[in-house]
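Here's the letter readout for the chains.
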Amino acid sequence: MARPHTKDANYVSPYANWFRFSFGPLLPETFESDIAILGKVLEEYRADVAAGR
């Protein structure tokens, strides 16, 4: 995904430092707990960023 829209070898993609992941489809029965897990991870990430880690 380094060059999503151009053939220019010098093009620097805004996506170069991004990553992508997929959990597959979330089941309706586990949606709330799945979102809670993602929220916890996001909170921990924000705390790490705030602490300079």
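All figures in this text were calculated on a predicted structure; none of them were measured in a lab.

When its secondary structure is counted, the chain shows 1 helix and 0 strands. Taking all 53 residues of the chain together, the buried fraction comes to 4%. By element, 60% of the accessible surface of the chain is carried by carbon and sulfur atoms, the whole surface being about 5,300 Å².

Here we come to the pattern of salt bridges. Where charged atoms of side chains with opposite charge meet at close range, the side chains can pair. Evaluation of the coordinates by the stated rule reveals 2 salt bridges. A salt bridge links lysine 40 to glutamate 44, with the shortest nitrogen-to-oxygen separation between them at 2.6 Å. A residue pair is termed a helical-turn pair when its members lie 3 or 4 positions apart in one helix, as lysine 40 and glutamate 44 do in helix H1 (residues 31-50) at 4 residues. Exposure remark for glutamate 44: the relative accessible area of 42% places this residue in the partly exposed category. Of the charged contacts, one joins aspartate 48 and arginine 53 as a salt bridge, the two residues approaching to 3.4 Å between their closest N and O atoms.

What follows covers a nonpolar patch on the surface. On the surface, Phe19, Phe21, Phe23, Leu26, Phe31, Ile35 and Leu38 cluster together into a nonpolar patch covering about 740 Å² of accessible area. Relative to the helices and strands, isoleucine 35 is located in helix H1.

As a further point, take H1. In an α-helix, one turn spans 3.6 residues, which is why side chains three or four residues apart end up on the same side. Between its terminal C-alpha atoms H1 stretches 28 Å, which fits the 28 Å expected from 20 residues at 1.5 Å a residue. Glycine 52 occupies a position one or two residues after H1 and carries a positive phi of about 80°.

Conventions adopted
Residue positions within a chain follow its written sequence, with the count starting from 1. Predicted model: local features are reported for residues with pLDDT of at least 70 only, side-chain atom pairs are reported and counted for 80 or more only, and whole-chain, interface and lining totals are derived from all residues. Water and hydrogen atoms play no part in the side-chain values, which are based on all heavy atoms of the structure. Secondary structure elements are defined from DSSP: runs of H or I of at least 4 residues count as helices, runs of E of at least 2 residues count as strands, and each element is numbered from the N terminus. The rule is simple: take the accessible area with a 1.4 Å probe, protein chains only, and divide by the maximum for that residue type; under 20% is buried, over 50% is exposed, in between is partly exposed. The Shrake-Rupley method, run with a 1.4 Å probe sphere, supplies the accessible areas, and residue values consider only the shown protein chains as cover. Note on definitions: salt bridges are taken to be side-chain nitrogens of Lys or Arg within 4 Å of carboxyl oxygens of Asp or Glu. A patch consists of residues exposed above 30% relative accessible area that lack any salt bridge, with like charges linked at up to 9 Å and nonpolar side chains (Val, Leu, Ile, Met, Phe, Trp, Tyr) linked at up to 5 Å. The span expected for a helix works out to 1.5 Å for each residue beyond the first.

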